[in-house]
Amino acid sequence: MIGYLYALISTFAFSLNQVYNKKLSENLKPLSAVLLRNLFLIICLFVVTVFFGNFNHNFNLKIFSIIIFTGICSYVAILYLFKSFKYLSIAESISIANLFPFVFAILSILFLKNSINLIEFIIMIIIFFGIVLIVNKKLTFTFKKQLIYPAITMVGWGIYMFGVNYLLIEKNSVLNILVSLELVVLASNLIYIKFKKIKI
């Protein structure tokens with residue numbers, strides 16, 4: 001029961017976060033919006049970790065590599081989400097990006113040998129076609145090149161969730177994982193800004 005409660009809280013918070021992200025993107029460049037969001041999350045996570053967590057990791061080269069790769073994917077995902085807000089409605093952007101469980105499921109089947117039952121498969125298909133109807137209200141099914149942006153977010157979030165799941169299986173705490181990944185997102189953003197010599 002507690003698991004369902006956590007899921008509902010997560011869904012509510014995630015929805016509010018996307019509305020905030022949309023508003024943020026209206027006033028800032030995507031890189032600036034990602035940086036501001038990232039710094040706020042890191043501060044919040046550090047405060048929570050100080051009071052409720054620790055910084056012990058089941059750490060080795062493999063775990064380190066997964067953290068780096070997952071963090072970079074998370075950065076690319078959120079960056080392209082902000083870019084998508086410039087061209088698409090929040091309903092279109094988030095609906096496509098929220099197909100990431102499909103990517104997560106595929107990766108879990110391929111690499112963790114997980115399986116899904118018939119009911120879960122049917123539910124996923126229904127969700128997929130529901131999102132298709134949201135994006136194509138008139139059933140014209142015309143392709144917009146801007147749809148690539150949330151599609152990149154979808155793949156990035158799917159890889160991110162897979163990485164988090166793998167790190168949890170390896171006995172790393174949730175708070176430690178989130179802090180580590182957000183630090184990688186911050187580093188990725190700063191490196192990209194420096195490399196491209198972009199003024200934020």
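For clarity, every value in this text was computed on a predicted model and none was experimentally measured.

**A word on the overall build of the protein chain**
Stage number 1. A count of helices and strands for the protein chain gives 8 helices and 0 strands.
Stage number 2. In the protein chain, the succession of α and β elements from N to C terminus is α-α-α-α-α-α-α-α.
Stage number 3. By residue count, 39% of the 200 residues in the protein chain fall in the buried class.
Stage number 4. Counting only contacts in the protein chain whose residues sit at least 6 apart along the sequence, the fraction spanning at least 24 positions is 84%.
Stage number 5. For the protein chain, the exposed area adds up to about 12,400 Å²; of that, 74% sits on carbon and sulfur atoms.

**Here we look at the environment of Leu112**
Stage number 1. By secondary structure assignment, the location of Leu112 is in the loop between α5 (100-111) and α6 (118-135).
Stage number 2. With 54 residues separating them along the chain, Leu112 and Tyr166 place their C-alpha atoms 8.5 Å apart.

**Regarding a nonpolar patch on the surface**
Stage number 1. On the surface, Ile109, Ile116, Leu118, Ile119, Phe121, Ile122, Ile123, Ile125, Ile126, Ile127, Phe128 and Phe129 cluster together into a nonpolar patch covering about 1,100 Å² of accessible area.
Stage number 2. By residue number, the principal contributor to the nonpolar patch is α6, which donates 10 residues.
Stage number 3. Here Phe128 is to be found in helix α6.
Stage number 4. The class for Phe128 is partly exposed, based on a relative accessible area of 33%.

**Considerations on the layout of surface pockets**
Stage number 1. Of the voids in this model, the largest pocket is the one considered here, and its volume is about 1,500 Å³.
Stage number 2. Taken together, 32 residues make up the lining of the largest pocket; nearest its centre are Ser10, Phe14, Tyr160, Met161 and Leu178.
Stage number 3. Looking at the lining of the largest pocket, the elements that each hand over two or more residues are α1 (2-27), α2 (30-52), α3 (61-85), α5, α7 (148-169) and α8 (174-196).
Stage number 4. In terms of residues, the lining of the largest pocket owes the most to one element, α1, which gives 11 residues.
Stage number 5. When the residues that make up the lining of the largest pocket are grouped by side-chain class, the tally is 23 nonpolar, 7 polar and 2 charged.
Stage number 6. Considered as a void within the structure, the second largest pocket measures approximately 370 Å³ in volume.

**With respect to the nonpolar core**
Stage number 1. Ranked by internal contacts, the top residues of the largest apolar core, which has 28 residues, are Val34, Tyr75, Leu81, Phe82 and Trp157.
Stage number 2. Going through the elements one at a time, α2, α3, α4 (90-97), α5, α6, α7 and α8 are the ones with two or more residues in this core.
Stage number 3. No other element matches the 8 residues that α3 contributes to this core.
Stage number 4. Beyond its immediate stretch of four places on either side in the chain, Tyr75 contacts Leu31, Val34, Val185, Ser188, Asn189 and Tyr192.
Stage number 5. Within the second largest apolar cluster, 10 residues are counted, among which are Ile63, Ile66, Ile67 and Val184.

Reading guide: rules and limits
Residues numbered from 1 in each chain as written. Predicted model: local features only at pLDDT ≥ 70, side-chain atom pairs only at ≥ 80, totals over all residues. Heavy atoms only, no water. Helix = DSSP H or I, 4+ residues; strand = E, 2+ residues; numbered from the N terminus. Buried < 20%, exposed > 50% of the residue type's maximum accessible area, 1.4 Å probe, protein only. Contact = heavy atoms within 4.5 Å. Areas by Shrake-Rupley, 256 points an atom, 1.4 Å probe, with all protein chains shown as cover. Patch = residues over 30% accessible without salt bridge, like charges linked within 9 Å, V, L, I, M, F, W, Y side chains within 5 Å. Salt bridge = Lys/Arg side-chain N within 4 Å of Asp/Glu carboxyl O. 1 Å grid on protein atoms, 1.4 Å probe; cavity = no way out; pocket = protein on both sides within 12 Å on 5 of 7 lines; lining within 4 Å. Points joined across faces, edges and corners; volume = space filled by probe spheres on them. Nonpolar A, V, L, I, M, F, W, Y, C, P; charged D, E, K, R; others polar. Core = buried A, V, L, I, M, F, W, Y, C linked by side-chain atoms within 4.5 Å.

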